[in-house]
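What the coordinates show
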Amino acid sequence: MKQFFVNLASSGNIKKYKKKELIDIEGYEFVGIVLEGTVKQTLYSPQGLEKSLFFLKRGEIFGEMDYFTQSKCELIVKAVEASEVAIINKKALEQALRESPKNYEFFIHSMVRKYRITLFQMKSMVFNKSIKRLADTLLRLSYQDSTKKDDKTVLSRIFTHQELAELIGCSRITVTNDLNELKKRKLITVKNKEISIDNLKNLENYLQDED
């Protein structure tokens, strides 16, 4: 799937964004493809509170739901780090879809994946305390993008406490306290801001334990 979108990027307009820069593209007849860096999609409340939903890396897309529903979603897109994005307009998208109806599957896969992530986040926020929400989020992030090092599972990207707070819907101080508690339980290790899960099975069991 990702390689299809990387190949499709050649038919788009390549733009570079600085760290924390908003990716604000008028209209909804386009799809953005991340080529370099990391981009996030978030929701903001009228009071300015932020809830991060998705972190997108190379070969992943945004704007697909807007394009197929022909309406603008209330998601804010922002570069987490210096990033490069290809903007594919309606003409190029329609051509790619005409060439092979099977290409629809790649867009459907992206939307269903985001839907599933949103469901998991909602379930965790409704039924779990903050520390369980944090543990669940770390586990999901490890499934999505991690490496093995010294028998530990290391998250591939460094997340600040604020970013984790925006993911699980709580304060930065709460995240700091919960990370310390998970460290005390020997479920995770934090070194040079890098988060490692000491044992995936133990963290999974912790999520199943009753409070």
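Residues numbered from 1 in each chain as written. Predicted model: local features only at pLDDT ≥ 70, side-chain atom pairs only at ≥ 80, totals over all residues. Heavy atoms only, no water.

Concerning the overall build of the protein chain
The test is simple: Helical segments are the DSSP runs of H or I of at least four residues, strand segments are the runs of E of at least two, and each set is numbered from the N terminus. The buried label applies to any residue whose accessible area, calculated with a 1.4 Å probe on protein chains only, is under 20% of its type's maximum; exposed applies above 50%, and partly exposed to all values in between. By the convention used here, residues are in contact when the closest approach between their heavy atoms is within 4.5 Å. All accessibility values rest on the Shrake-Rupley procedure with a 1.4 Å probe; residue burial counts only the protein chains present in the view. Positive charges are assigned to Lys and Arg, negative charges to Asp and Glu, while His and the chain termini are left out of the count. Where a charge lies is defined by one atom per residue type: Lys uses NZ, Arg uses CZ, Asp uses CG and Glu uses CD.
When helices and strands are tallied, the protein chain shows 8 helices and 11 strands. If you line up the protein chain on its principal axes, its C-alpha atoms span 55 × 40 × 30 Å. Scored against the burial criterion, the 211 residues of the protein chain give a buried share of 44%. A sequence separation of at least 24 residues applies to 71% of the contacts in the protein chain between residues at least 6 apart. Taken as a whole, the protein chain presents about 12,100 Å² of accessible surface, with 52% of it coming from carbon and sulfur. Each charge class in the protein chain was averaged separately, 36 positive and 29 negative side chains, and the resulting centres sit 3 Å apart.

Digging into the packing of helix α5 (residues 130-144) against helix α6 (residues 161-168)
Keep this limit in mind: All axes are obtained by fitting lines to C-alpha atoms, using only the stretch in contact for helices, and the reported angles, taken between N-to-C directions, cover 0 to 180 degrees. Should an angle fall under 35 degrees it is taken as roughly parallel, and over 145 as roughly antiparallel, whereas 65 to 115 is taken as roughly perpendicular and any remaining angle as oblique. Each residue gets one label: Ala, Val, Leu, Ile, Met, Phe, Trp, Tyr, Cys and Pro are nonpolar, Asp, Glu, Lys and Arg are charged, and the others, such as Gly, are polar.
Between α5 and α6, the least distance of the axes is 10 Å, while the angle of their chain directions is 105 degrees. Taken together, the axes of α5 and α6 are roughly perpendicular relative to one another. Residue-level inspection shows S130, R133, L134, T137, L138 and L141 of α5 in contact with α6, the latter providing L164, L167 and I168. Of the residues in the contact of α5 with α6, the class split is 6 nonpolar, 2 polar and 1 charged.

A short note on the side chain of R140
Tracing the chain through its elements places R140 in helix α5. Overall, the relative accessible area of 13% leaves R140 in the buried class. Among residues more than four places away in sequence, those in contact with R140 are I117, F120 and Q121.

Things to note about unusual backbone geometry
Where the residue is not glycine, phi is negative for most of them; where a peptide bond is considered, it is trans in most cases. Notably, Q70 is not glycine yet its phi reads approximately 55 degrees, a positive angle. The phi dihedral of D151 is positive, around 65 degrees, even though this residue is not glycine. Looking at D151, the relative accessible area reads 73%, which means it is exposed.

Overview of the packing of α5 against helix α7 (residues 172-184)
At their nearest, the axes of α5 and α7 sit 9 Å apart, and the two run at 75 degrees to each other. On the basis of the axis angle, α5 is roughly perpendicular to α7. In this structure, α5 uses S130, I131, L134, A135 and L138 to contact α7, whose residues at the interface are T174, V175, D178, L179, E181 and L182. Among the residues forming the contact of α5 with α7, the class breakdown is 7 nonpolar, 2 polar and 2 charged.

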